[in-house]
Number of protein chains: 2
Amino acid sequence: MTNKSTAPQILDGPAVILIDPQMGENIGAAARAMLNNSLGDLRIVRPRDGWPSETAYAMSSGALDLMPPIKVFDTLADAATDCQFLYATTARPRDMMKPVFTGKEAALDMHKRQRKNQKIGLVFGAERAGLTNEDISLCHAIIQIPLNPGFSSLNLGQAVLLTTYEWYQAQDNTDGYQPAEGDSPLASHGELNELYERLESELEKHHFFRSEGLRPTMMRNIRNMLGRAEFTEQETRTFQGIISALIGNKTPK
Amino acid sequence: MTNKSTAPQILDGPAVILIDPQMGENIGAAARAMLNNSLGDLRIVRPRDGWPSETAYAMSSGALDLMPPIKVFDTLADAATDCQFLYATTARPRDMMKPVFTGKEAALDMHKRQRKNQKIGLVFGAERAGLTNEDISLCHAIIQIPLNPGFSSLNLGQAVLLTTYEWYQAQDNTDGYQPAEGDSPLASHGELNELYERLESELEKHHFFRSEGLRPTMMRNIRNMLGRAEFTEQETRTFQGIISALIGNKTPK
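None of these values were measured; they are calculated from a predicted model.

Peer 1: Mind showing me how you'd approach helix α5 (residues 103-115) of chain B here?
Peer 2: Note: α-helices contain 3.6 residues per turn, so residues at a spacing of three or four share the same orientation. Residue and element names in this part refer to chain B. A rise of 1.5 Å per residue sets the reference length of α5, with its 13 residues, at 18 Å; its end C-alpha atoms lie 19 Å apart and thus fit the reference within 8%. Among the residues of α5, those classed as buried are Gly-103, Ala-106, Ala-107, Asp-109, Met-110, His-111 and Arg-113. Phi for Asn-117, located one or two positions after α5, is positive at around 60°.

In structure tokens:
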């Protein structure tokens, strides 16, 4: 889907903080997911295999070359010194009092905080172990994405993708539904009417209408049926050609 | 996040149809993403490396063992015989008239159709080539997920994840925001009042209030400040202990 001629956009938004990431692949997948969602501030705490990582670069599909350099830290506290609000992405901890957001609602909360110029951090734990209670205690809120209760485990890249996706969607204003549009303009009422009248007259000649009484209803149904398709000018001509072909004209009208 | 004691739930929902998938890894990632979102009807058309695929099983994190068996077909038309409505997940085709949905709006449309008992298919193309125009022409609508205009390319597993995630979210009724809750009940007004009164009296003894006139305002600010934290009973006792420690009592109250 990428338009190669457009430079990637990086927006002001949350930092993503990965704690103890083990596999370079996952750092790369996280970077790619972030840039898909126009975020560029990636921070890693104690990457197991060090930094930079070739496998991370390979898995990022170019994202790591297009984002500002990743920063590496020794602790979450160091990584988050400039952050006013931290969301821990984890299952709700049983023994800690923290508010819990869904991904969608967390994204709305993030944008509210950004409007107050708060710097936000999204904190992700290690692949298997997740976040320690100590790291969670530094965070202000939990993001727990509702998923299949019996199969909710996401890998690190997918967790970063869904969380940053919600952030991006919450500021995107693309129309949710755009009706069909093509290069050819829609047919005018006149063109359609000409088509319907010709169809009616050919159907009449070919004894389609079982009785004269049924004819108005049947034609109304046909107009409704074809009208829903919203033919373009070109498609109207195609349909005229279909009629010509079916009635045996070698040269379509 | 998976609760191992809960069986994975599979809901009635769209089929996912992968056309010409090349890498088993991507089929596995798609299956995992589907089951994360409680979907189990995966169909593949002309998998390059055949089926079953060991790498697909390995990448699915168990999803392929928990879902109904994947069905394999020769064409999209064969794979979709029972589907009344197909969404093609692709960039908007320039030369075809199709309505275009965002992922979020498409999910709402899917649930509307499900309520009318329509069977829905979500159609995904090959990793690099995407969907052919011929396949797109069999689909009724396009899903184009708004992403970074200069970096919008998703891999197959991620595209399936985001599309099925929106489907799941549209039927999920988790509260978007759940206030902090712990095992210990919230402190009562009386417990908090006792805490505040003791704090005030100790601060008075230690000459914290610069003047008697400022005292009511300062205490009001302190009550507001600590009140926002919504202490539990246990935390109220912890705070009493903090006061005791700071004033030099060896045994907290």
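Peer 1: I tried to follow the relation of the copies chain B and chain A on my own but got confused; where do I start?
Peer 2: Two chain copies here: they are related by a rotation about an axis and a translation along the same axis. It takes a turn of 180° to lay chain B on chain A, together with a shift of 0.0 Å along the axis; the resulting RMSD is 0.1 Å. When the rotation and shift are considered jointly, the pair of chain copies conforms to a two-fold rotation axis. Both copies contact each other with a shared surface, as 100% of the interface residues of chain B are interface residues in chain A too.

Peer 1: Teacher, can you tell me more about unusual backbone geometry here?
Peer 2: With the exception of glycine, the majority of residues adopt a negative phi angle, and the majority of peptide bonds are in the trans configuration. Each neighbour pair has its own omega, and for Trp-51 of chain A with Pro-52 of chain A the value is 5°, a cis peptide bond. Positionally, Pro-52 of chain A belongs in the loop between β2 (42-45) and α2 (54-59). Positive phi outside glycine occurs at Asp-20 of chain A, with the angle close to 50°. The phi dihedral of Glu-230 of chain B falls on the positive side, at around 50°, and the residue is not glycine. Inspection of the secondary structure puts Glu-230 of chain B in the loop between α9 (215-227) and α10 (233-246).

Peer 1: How should I be thinking about the sheet that holds strand β5 (residues 100-101) of chain B in this particular structure?
Peer 2: Paired through their backbone hydrogen bonds, the strands of a sheet run either parallel or antiparallel. The strand order across the open sheet formed by eight strands is β8(A)-β5(B)-β7(B)-β4(B)-β6(B)-β1(B)-β2(B)-β3(B), and the pairing between neighbours is mixed. Either end of the sheet is taken by a strand with one partner, and the two such strands are β8 (177-178) of chain A together with β3 (71-73) of chain B. Sheet topology places strand β4 (residues 85-89) of chain B next to strand β6 (residues 120-124) of chain B; four bridges connect them, and they run parallel. Pairing of Leu-86 of chain B across the sheet is with Gly-121 of chain B, part of β6 of chain B. Together, β1 (15-19) and β2 (42-45) of chain B form the strand contacts of helix α1 (residues 24-36) of chain B, whose direction differs from that of β2 of chain B by roughly 155°. Set on the sheet, helix α7 (residues 156-171) of chain B makes contact with β1, β4, β6 and β7 (141-143) of chain B; between it and β6 of chain B the angle comes to about 155°.

Parameters at a glance
Residues numbered from 1 in each chain as written. Chains lettered and ligands numbered in written order. Predicted model: local features only at pLDDT ≥ 70, side-chain atom pairs only at ≥ 80, totals over all residues. Heavy atoms only, no water. Helix = DSSP H or I, 4+ residues; strand = E, 2+ residues; numbered from the N terminus. Expected span 1.5 Å × (residues − 1). Buried < 20%, exposed > 50% of the residue type's maximum accessible area, 1.4 Å probe, protein only. Least-squares fit on C-alpha atoms with pLDDT ≥ 70 in both. Contact = heavy atoms within 4.5 Å. Pairing = 2+ DSSP bridges. Axes fitted to C-alpha atoms, helices over the stretch in contact; angles between N-to-C directions.

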